[in-house]
Amino acid sequence: MDPLLSVADDAIAHSQIPSPPPNPPGRLWAISDIHLSFKGNREALEKLQPQLNDGLILCGDVGESADHCRQAFEKAISCFRRVFWVPGNHELYTLPSQKDHGARGEKKYMECVDIAREYGIWTPEDEFSLWEGEGGPALIAPIFTLYDYSFRPKEVELKDALDWAREEDIEATDEHLLHPDPYASRIEWCNALLEKTEKKLEAALAAHPDTPLIIINHWPLREDLVKLFRVPRFSLWCGTKKTEDWHNKFNAKVVVSGHLHIRRTDWIDNTRFEEVSLGYPRQWQECQEQGLDINDLLREILPGPKMPDGERETMWRRYG
């Protein structure tokens, strides 16, 4: 028996959430960047409809506070049979109001992990889980990598990277609110995460050589998937070049990410890449004007769309 299933079942029982149906899980969905600090997004989350035989991936940036995490997790487990979560940069923020007493860096991350586990939600700190629903079997692999400022032009040296972005009046809030404690820098924390995660992925591949992975990470694994038309130099805070070949190296069927607030689907080699952001209310207002809500913007990961024949162009998913 999968020990992780026991942990999840116990947590669900303790929170008095109805037991999932006994039949095998159905489809697997994903959404990210629901940003519950915005009232409009909190109201949107309340419209999430039960799909009690399906699974849901929350791919980071649910909000900045423990309350945001609890609101997202409670709603998710009330609607879905299995829920997976990875952190985005916003969960890692220590807000000015928390300056003297709020957890920082790795400690803030682990507080979010502990909250997720209260609800029986899988995190990057748990063992990967076998999905045997539609589109399976597949190993669900939530990971956490952060970024190292390497998504930049070759001619821009690391020491000049922040100045390069600031030339266009671009600087991520991370520089002020995302602390790397106990590491000396975000780059150092990123490197430690990469080493840890790569070993875990290697072990999973060795144990399940014939089972494809669904890799879940808030930050895109590849620089060529970061197309920020209005703020191109924001790419500094969008990932690391060290993960560029992970989709091939670790037999990924699908890679799920968020962060960019630009929904798109790409096929590279034999892997489908899905950016699944909801975004700030103003960024998906047009969807609402078309009569769509959060349920319409959930992205089906498994079984998901088939790989197209011939040329594989980016699918820009303006309306989900």
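Heads up: these notes are all about the structure in this document.

The rules behind these values
- Residues numbered from 1 in each chain as written.
- Predicted model: local features only at pLDDT ≥ 70, side-chain atom pairs only at ≥ 80, totals over all residues.
- Heavy atoms only, no water.
- Helix = DSSP H or I, 4+ residues; strand = E, 2+ residues; numbered from the N terminus.
- Phe/Tyr/Trp six-rings, centres within 6.5 Å; stacked < 30°, edge-to-face > 60°.
- Buried < 20%, exposed > 50% of the residue type's maximum accessible area, 1.4 Å probe, protein only.
- Lys NZ or Arg CZ within 6 Å of the ring centre and 35° of its normal.
- Core = buried A, V, L, I, M, F, W, Y, C linked by side-chain atoms within 4.5 Å.
- Contact = heavy atoms within 4.5 Å.
- Expected span 1.5 Å × (residues − 1).
- Arc of directions from axis to C-beta.
- Axes fitted to C-alpha atoms, helices over the stretch in contact; angles between N-to-C directions.
- Parallel < 35°, antiparallel > 145°, perpendicular 65-115°, else oblique.
- Left-handed = near helix turned anticlockwise from the far one by under 90°.
- Polar contact = N/O pair within 3.5 Å; in protein donor to acceptor, adjacent residues only side chain to side chain.
- Pairing = 2+ DSSP bridges.

1. Description of the environment of Gly 26
Here comes step 1: Within the secondary structure, Gly 26 is located in the loop between α1 (3–14) and β1 (28–31).
Here comes step 2: Spatially, the C-alpha atom of Gly 26 lies 13 Å from that of Ala 138, the residues being 112 residues apart in sequence.

2. Regarding the packing of aromatic side chains
Here comes step 1: Per the counting criterion, the structure on display carries 14 aromatic pairs.
Here comes step 2: Each ring, one from Phe 144 and one from Trp 189, has its centre 5.6 Å from the other, and the planes form 85 degrees; the classification is edge-to-face. In this pair, Phe 144 is assigned in the loop between β5 (138–142) and α5 (161–166) and Trp 189 in helix α7 (residues 186–207), connecting sequence segments 45 residues apart. Note on accessibility: Phe 144 and Trp 189 belong to one class, buried.
Here comes step 3: Judged by centre distance (5.5 Å) and plane angle (40 degrees), the rings of Phe 234 and Trp 237 are tilted.
Here comes step 4: Across the ring face of Trp 122, the terminal group of Arg 82 is positioned such that the distance to the ring centre comes to 5.0 Å.

3. A short note on the nonpolar core
Here comes step 1: Of all hydrophobic cores here, the largest spans 69 residues; its most connected members are Leu 58, Phe 73, Trp 85 and Leu 146.
Here comes step 2: Leaving out residues up to four positions away in the same chain, Phe 73 has contacts with Leu 58, Trp 85, Cys 112, Ile 115, Ala 116, Tyr 119 and Ile 121.

4. What about helix α4 (residues 105–118)?
Residues three or four positions apart in an α-helix share a direction because the helix packs 3.6 residues into each turn.
Here comes step 1: With 14 residues, α4 should reach 20 Å at 1.5 Å per residue; the first-to-last C-alpha distance of 21 Å fits that figure.
Here comes step 2: Along α4, the positions that sit buried rather than exposed are Gly 105, Lys 108, Tyr 109, Cys 112, Val 113, Ile 115 and Ala 116. For α4, the angular spread of the buried residues around the axis is 160 degrees, confining them to a single face.
Here comes step 3: Summarising the contacts, the buried residues of α4 are in contact with α3 (66–79), β3 (80–85) and α7.
Here comes step 4: A positive backbone phi angle near 70 degrees is found at Gly 120, which sits one or two residues after α4.

5. Let's talk about the packing of α3 against α4
Here comes step 1: Relative orientation of the contacting elements α3 and α4 amounts to 30 degrees, with a least axis distance of 10 Å. Viewed along their axes, α3 and α4 adopt a mutual orientation that is roughly parallel. Where α3 crosses over α4, the two elements pack in a sense that is right-handed. For the pair α3 and α4, the contacting residues are Ala 66, Cys 69, Arg 70 and Phe 73 in the first and Cys 112, Ile 115, Ala 116 and Glu 118 in the second.

6. Some remarks on the environment of Ser 65
Here comes step 1: By secondary structure assignment, the location of Ser 65 is in the loop between β2 (51–58) and α3.
Here comes step 2: Given the relative accessible area of 17%, Ser 65 is considered buried.
Here comes step 3: The sequence separation of Ser 65 and Thr 123 amounts to 58 residues, and the corresponding C-alpha distance is 17 Å.
Here comes step 4: Among the polar contacts listed, one links the side chain of Ser 65 to the backbone nitrogen of His 68, at a separation of 3.1 Å.

7. A short note on the sheet that holds strand β9 (residues 271–275)
Here comes step 1: Strand order in the open sheet formed by seven strands is β4-β5-β6-β7-β9-β8-β11, with mixed pairing between adjacent strands. Strands at the two margins of the open sheet, each flanked by one partner only, are β4 (129–131) and β11 (315–316).
Here comes step 2: The pairing of β4 with β5 spans three bridges and is classified as antiparallel. Across the sheet, residue Leu 130 finds its bridge partner in β5, namely Leu 139.

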